[in-house]
Amino acid sequence: MRKIAPKAIAQFVVLGALEITVAGGVSFCLIGPQITDTYRGIAEIALTIILFYALAILGFRSLQRLAPLRGGQIPAGGVQEHRAFLYMLHFILVFNPLLFSRLLPFPVLGVLLRALGAHMGKNSFCAGLVMDPPFVTLGDNSLIGNDAMLIAHVIEGDELAFLPIRIGKNVTIGARAIIMAGVTIDDGAIVGVQSVVRKGAHIRCGETWVGCPARPVGGCLEDQEGNVKGQNGMA
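Owing to the predicted nature of the structure, the values given are computational and were not obtained by experimental measurement.

1. Remarks on the layout of surface pockets
For step 1, the next point in the chain: Size it by volume and the largest pocket reaches roughly 250 Å³.
For step 2, the next point in the chain: Per element, the largest residue contribution to the lining of the largest pocket is 4 residues, and it comes from helix 2 (residues 37-66).
For step 3, the next point in the chain: Considering only enclosed or pocket space, the second largest pocket measures out at about 220 Å³ in volume.
For step 4, the next point in the chain: In terms of lining residues, the second largest pocket is bounded by 13 residues, among which Leu99, Arg102, Ala127, Gly128 and Leu129 are the most central.
For step 5, the next point in the chain: The class makeup of the residues in the lining of the second largest pocket is 9 nonpolar, 2 polar and 2 charged.

Shown next as structure tokens:
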């Protein structure tokens, strides 16, 4: 695993300090004259946290727009590596604690993921964990089940890469499934509960994949007695 460079850490610290200072100052100005002494401290802390996250998201998206982190392999020592380090620091220290907290209702989580750069279609919901939202695309009417994970980064030894995950329309990803970097899932596909889809896999339109590692299943299912059933459940 590569060591995050001091330059990236210093830049992140300066940006974070500026954001929290502005958030605290605005909170003090807004809350101070309005709230009695009894609740003033609590109100100021709460508003400071909200404003800090708003500024952190704005700062992160601005960095991505001005100095974008591109998908693919990240060579060592280059500009893209520096951008990758800044990206990683934002998620490790700021955004992941919120995403991992499981405190956000699903609609609010969807708003946050979109704010962080995820492309989510209409009527699509996430009840799991989307890591690397800028590298995730989710089509209309798709569902990410409870505790499922989408991981668009690769960190293996000295290898560092960000490979987009593309999910089509009307896709269902089962609870606790894991979708690895570079996976493409076409419209109408299903990923079974607790399945693990390997890096770079391509799930075709309408297919159902299950298992660890996940593989496509055929058109027939067997019940517990071993009788073959069609997809409609009729013998």
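2. Concerning the pattern of salt bridges
For step 1, the next point in the chain: According to the stated counting rule, one finds 4 salt bridges in the structure shown.
For step 2, the next point in the chain: Between Glu81 and Arg2 there is a salt bridge; the shortest N-O distance is 3.1 Å. Separated by 79 residues along the polypeptide, Glu81 in helix 3 (residues 79-100) and Arg2 in the segment before helix 1 (6-31) bring together distant segments of the chain. In this structure, Glu81 and Arg2 share a single accessibility class: buried.
For step 3, the next point in the chain: With its nearest N and O atoms 3.0 Å apart, the salt bridge here joins Glu156 to Lys199. Note that Glu156 is positioned in strand 8 (residues 153-156) and Lys199 in the loop between strand 15 (196-197) and strand 16 (202-203), a separation of 43 residues in sequence.
For step 4, the next point in the chain: Given the relative accessible area of 40%, Lys199 is considered partly exposed.
For step 5, the next point in the chain: Salt bridges here are not isolated pairs; linked through shared partners, they connect Arg102, Asp147 and Arg176.

3. Notes on the nonpolar core
For step 1, the next point in the chain: Core analysis: the biggest nonpolar cluster contains 55 residues, and Phe162, Ile173, Ile179 and Ile185 have the highest contact counts within it.
For step 2, the next point in the chain: Element by element, the count of residues in this core is highest for helix 3, at 10 residues.
For step 3, the next point in the chain: The contact partners of Ile185, leaving out residues within four places of it in the chain, are Arg166, Ile167, Gly168, Val171, Ile173, Ile179, Val191 and Ile203.

The rules behind the values
One numbering rule holds for all chains: residues counted from 1, following each sequence as written. Residue-level local features of this predicted model are given only where pLDDT is at least 70; pairs of side-chain atoms are given and counted only at 80 or more, and the full residue set underlies all totals for whole chains, interfaces and linings. With hydrogens and water excluded, all non-hydrogen atoms of the structure serve as input to the side-chain values. Buriedness for pockets is judged along seven lines, at least five of which must meet protein on both sides within 12 Å for an open set on the 1 Å grid over protein atoms alone, while cavities are sets there where a 1.4 Å probe fits but cannot get out, and lining residues have an atom within 4 Å of a point. Grid points are joined across faces, edges and corners, and a volume is the space filled by probe spheres set on the points. Secondary structure is summarised from DSSP: a helix means a run of H or I of at least four residues, a strand means a run of E of at least two, and numbering begins at the N terminus for each. Think of it as three bins: nonpolar holds Ala, Val, Leu, Ile, Met, Phe, Trp, Tyr, Cys and Pro, charged holds Asp, Glu, Lys and Arg, and polar takes everything else, Gly as well. Any carboxyl oxygen of Asp or Glu that lies within 4 Å of a side-chain nitrogen of Lys or Arg is treated as forming a salt bridge with it. Throughout this description, buried means an accessible area under 20% of the type-specific maximum (1.4 Å probe, protein chains only), exposed means over 50%, and partly exposed covers the range between. Only buried Ala, Val, Leu, Ile, Met, Phe, Trp, Tyr and Cys residues count toward a nonpolar core, and they belong to the same one when joined by side-chain atoms within 4.5 Å. Working rule for contacts: check all heavy atoms of both residues, and any pair within 4.5 Å makes them a contact.

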